[in-house]
Amino acid sequence: MTNPPIRIVIAGGGSAGWMCAAALGRFLGAGFTVTLVESDDIGIVGVGEATIPQIRLFNQALGIDEDDFVRATGATFKLGIEFVGWGAPGERYMHAFGNVGRDSGLLAFHHSWLRGHRDGVARPLGDYSLNDQAARAGRMQRGPARTASVLPDMPYAFHFDAGLYAAYLRRFAEARGVARVEGRIVEVVRDGESGDVATLVLDDDRRVEGDLFLDCTGFRALLIEDALAAGFEDWTHWLPCDRAMAVPSARTDDLTPYTRASAHRAGWQWRIPLQHRTGNGIVYSSRHMSDAAARDHLLANLDGVPLAEPRPLRFTTGRRRELWKANVIAIGLASGFLEPLESTSIHMIQSAIERVLKLLPGRSVAQSLRDEYNRQATFEYDRIRDFILLHYIANRRDERFWRERRETALPDTLRAKLDLWQASAQITREHEELFTEVGWLQVLIGQGIMPDRFHPIAETPSTDQIAEFLDILPKLNAREVAQMPGHADFIARHCAAPRELAA
Ligand SMILES: Cc1cc2nc3c(=O)[nH]c(=O)nc-3n(C[C@H](O)[C@H](O)[C@H](O)COP(=O)(O)OP(=O)(O)OC[C@H]3O[C@@H](n4cnc5c(N)ncnc54)[C@H](O)[C@@H]3O)c2cc1C
């Protein structure tokens, strides 16, 4: 006699639900059934539009053709994020994907750059990043550099329409056997003995039973919080923004291959170019800015005509105390929220899926699996929080919101990183941390957090030698960028979305 299949139920059909469904449909064999329950009446948040390069690994693992995906989701390419006004009004810097500079032997590049900067012979840090230079020039290419073998490939991510993304993954998942149930969940029934979730009851009394449940119900967190009371760790004291308003605007000719995050007096505003429109939104602290003022600021700072009324969203920054409790794993907005400053939410869904697949339980869940999952997931959340917080703390802006950010008592993990940087220009990364040393470097320098010292080996060359070393790469980058096609031309050639997307 064969065992009956293990029943996995995904509650929710936003980006999180359909990403889970696509991956489980692709990787789980006949020993499992996968059912997704979503409510058309409730709908999805639908503003997750900017990503980081790891999404390409997800697409590759699923076997998704990249150009097909770009066409279907109205996507554009993304080489990094430009931060405007975060140090002080008028300042700007880029957190570009990929490497910055070239290490010399054991010495990380930035020590040489800091030496050159002190001696007045270094160019701006961004000149040493191919992604930064290509982004600023509005250019895009894939694959190896064409003009110099020492230059790296450019890592890239996408901006895409989150609604179209969910629809794309739905087609993918349903073609691989995932069953979709449409209906509103009105009750979550737990097993009297084990306390596990056993059944979701829908508004027309249909019942969906399962062995393992993925809670992808967004901010509602129906299973993990309403039913299981996993608890929420509130990080508002560190990251006080608690509201957003999103509005699409007409596409402009300037199809920038990067996200822009512009600081304003009580938060920041995003700009995300898609093929058929531009996504915009304002993130703000309701203690420092009224909804009406936020709406005015958002609409006054669009570079195309608005295509809809601004849509308000409310959130509390933080995460569940337990992301896997009983037989429920919270993924996506049900697991917590970090403002989209570094476009991390969709990546966190992806890494949660990887963890679920690696630590997939059988019919019953061992506590050690849950503990390991929660250890990894909370570590990821906490370190991304630190990185986002870094953007806020070293500002030189005058407004009350920004003054308060400078005075915030920091988490110990961030304090330790900053102390190490300040004393020695060293950046350490524990192996499960998402953001690399180079990511931290660009934000540290971009925010004007200069260390007291750099590595003593960087004092060894003469100033002329350092100047010569620092002169080469920006020139190579500029030559490489000059032969790249423009971003819009690149899309037109390889992966233009059908015209009807614009409708
Ligand atoms: C302002 C803002 C900007 C963002 N920008 C980015 C970004 O640039 N990049 C990025 O990576 N991420 C971003 N995010 C995060 C991103 O939007 C989410 O992580 C992502 O969309 C996943 O959402 P979700 O699927 O968890 O939730 P949702 O999209 O809210 O989906 C929830 C699902 O649950 C279903 N549901 C809820 N209750 C019930 C019920 N009772 N019965 C049945 N079904 C139910 C709904 O129908 C829906 O299908 C942003 C988020 C916000 C708030």
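Quick look at the structure, then. (Residues numbered from 1 in each chain as written. Predicted model: local features only at pLDDT ≥ 70, side-chain atom pairs only at ≥ 80, totals over all residues. Heavy atoms only, no water.)

## Regarding the overall build of the protein
Along its length, the protein carries 15 helices and 21 strands. A compact globule built from 503 residues would reach a C-alpha radius of gyration of about 23 Å, and the protein, at 23 Å, matches this within 12%. For the C-alpha atoms alone, the extent of the protein along its principal axes is close to 75 × 55 × 50 Å. A buried classification covers 55% of the 503 residues belonging to the protein. (Helix = DSSP H or I, 4+ residues; strand = E, 2+ residues; numbered from the N terminus. Rg over C-alpha atoms; globule rule 2.2 N^0.38 Å. Buried < 20%, exposed > 50% of the residue type's maximum accessible area, 1.4 Å probe, protein only.)

## Examining the site of the ligand
The immediate surroundings of the ligand are formed by 34 residues, with Gly13, Ala50, Ile185, Leu333 and Ile346 found nearest. The backbone of cysteine 216 places a nitrogen or oxygen atom 3.4 Å from an oxygen atom of the ligand. Burial of the ligand by the surrounding chains reaches 98%, relative to a free accessible area of 1000 Å². Counting residues per element, the ones that place at least two in the shell around the ligand are α1 (15–27) and α9 (345–358). (Near = heavy atom within 4 Å. Polar contact = N/O pair within 3.5 Å; in protein donor to acceptor, adjacent residues only side chain to side chain. Areas by Shrake-Rupley, 256 points an atom, 1.4 Å probe, with all protein chains shown as cover.)

## Some points on the pairing of strand β9 (residues 197–202)
Remember that side chains alternate between the two faces of the sheet whenever the strand is regular. Of all six residues in β9, five are buried; the element is thus mostly enclosed. Pairing between strand β8 (residues 185–190) and β9: five bridges, direction antiparallel. Looking across to β9, one finds that valine 189 is bridged to threonine 199. Hairpin geometry of β8 and β9 is characterised by an intervening segment of six residues between the two adjacent antiparallel strands and by a positive phi of about 85° at glycine 195. Across three bridges, β9 lies against strand β10 (residues 207–209) in antiparallel orientation. Bridge pairing in β10 places leucine 200 opposite valine 208. Between β9 and β10, which pair antiparallel and follow one another directly, the connecting turn spans four residues, one of which, aspartate 205, has a positive phi of 75°. (Pairing = 2+ DSSP bridges.)

## As for the environment of alanine 425
Topologically, alanine 425 is positioned in the loop between α12 (412–424) and α13 (437–446). Among the residues examined, alanine 425 registers a relative accessible area of 0% and is labelled buried. C-alpha separation for the pair alanine 425 and glutamine 376, spaced 49 residues apart in sequence, amounts to 28 Å. Residues contacting alanine 425, with those up to four places away along its chain left out, are His110, His111, Leu114, Leu420, Pro451, Arg453 and Phe454. (Contact = heavy atoms within 4.5 Å.)

## Regarding the sheet that holds β8
The strand order across the open sheet built from three strands is β8-β9-β10, with neighbouring strands paired in antiparallel fashion. Both edges of this open sheet fall to β8 and β10, since each of them pairs with a single strand only. In this sheet, adjacent strand axes meet at a mean angle of 20° when their direction is disregarded. (Axes fitted to C-alpha atoms, helices over the stretch in contact; angles between N-to-C directions.)

## Concerning the environment of threonine 76
Relative to the elements of secondary structure, threonine 76 occurs in strand β3 (residues 76–78). Those residues in contact with threonine 76 that lie beyond four places of it in its chain are Ala157, Phe158, His159, Leu255, Pro273, Leu274, Gln275, His487 and Ile491. In this structure the side chain of threonine 76 is engaged in a polar contact, spanning 2.8 Å, whose partner is the side chain of histidine 159.

## Some thoughts on the sheet that holds strand β1 (residues 6–11)
Sheet architecture is open: six strands sit in the order β7-β2-β1-β11-β20-β19, paired in mixed fashion. Edge positions in the sheet fall to β7 (179–182) and β19 (324–325), since each has one partner strand and no second. Pairing between β1 and strand β2 (residues 32–38): six bridges, direction parallel. Bridge pairing in β2 links isoleucine 8 to valine 34.

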